[in-house]
Amino acid sequence: VNRHEQDILMKEELDALAQAHADRLRITYTLTSPEVSESWAGERGRDPGEAILAKALPDPSVDGTMVMVCGTDQFVATWSGE
């Protein structure tokens, strides 16, 4: 989750990793700025909601699933379902 597209650290590298390991790695970008460009194809908004969580996170019942989340305590709690 970033405010603006240019704030996404290492986006090119992350996209390359996701493409190289499409069977194991999925990245969902979300922008929170109200001035998001119409051309932005990623998610928008601060509250992930059930639809975005289901789309962004893998099925937790699959063995070997690992989800890594980094951010403030509130952000981690929202994405981890606490």
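Residues numbered from 1 in each chain as written. Predicted model: local features only at pLDDT ≥ 70, side-chain atom pairs only at ≥ 80, totals over all residues. Heavy atoms only, no water.

1. Things to note about the overall build of the protein
Note the cut-off: Numbering of helices and strands starts at the N terminus; helices are DSSP runs of H or I of at least 4 residues and strands are runs of E of at least 2. Summary of the burial criterion: residues with accessible area below 20% of their type's maximum are buried, those above 50% are exposed, and those between are partly exposed, where the area comes from a 1.4 Å probe applied to protein chains only. By definition in these notes, contact holds between two residues if any of their heavy atoms fall within 4.5 Å. The method behind every accessible area is Shrake-Rupley, applied with a 1.4 Å probe, and residues are considered shielded solely by the protein chains displayed. Neither His nor the chain ends is counted toward charge; the positive residues are Lys and Arg and the negative residues Asp and Glu. Charge positions are represented by NZ for Lys, CZ for Arg, CG for Asp and CD for Glu.
Within the protein one finds 3 helices and 2 strands. Start at the N end of the protein and walk to the C end: the helices and strands fall as α-β-β-α-α. For the protein, the C-alpha atoms occupy an extent of roughly 40 × 30 × 20 Å along the three principal directions. For the protein, with 82 residues in total, the buried portion stands at 18%. Here the contacts in the protein between residues at least 6 apart in sequence split such that 39% fall between residues at least 24 apart. By element, 53% of the accessible surface of the protein is carried by carbon and sulfur atoms, the whole surface being about 6600 Å². Of the side-chain charges in the protein, 7 are positive and 15 negative, and the distance between the mean point of each set is 3 Å.

2. Some words on the environment of Ala 18
Checked against the element boundaries, Ala 18 lands in helix α1 (residues 11-20). For the pair Ala 18 and Leu 57, spaced 39 residues apart in sequence, the C-alpha to C-alpha distance is 14 Å.

3. Some words on the nonpolar core
Stated formally: Buried Ala, Val, Leu, Ile, Met, Phe, Trp, Tyr and Cys residues form a nonpolar core when they are joined through side-chain atoms within 4.5 Å.
Among the nonpolar cores identified, the biggest contains 5 residues, and these are Ile 8, Tyr 29, Leu 31, Val 36 and Trp 40. Among all residues touching Ile 8, those that are not within four sequence positions of it are Asn 2, Tyr 29, Leu 31 and Trp 40.

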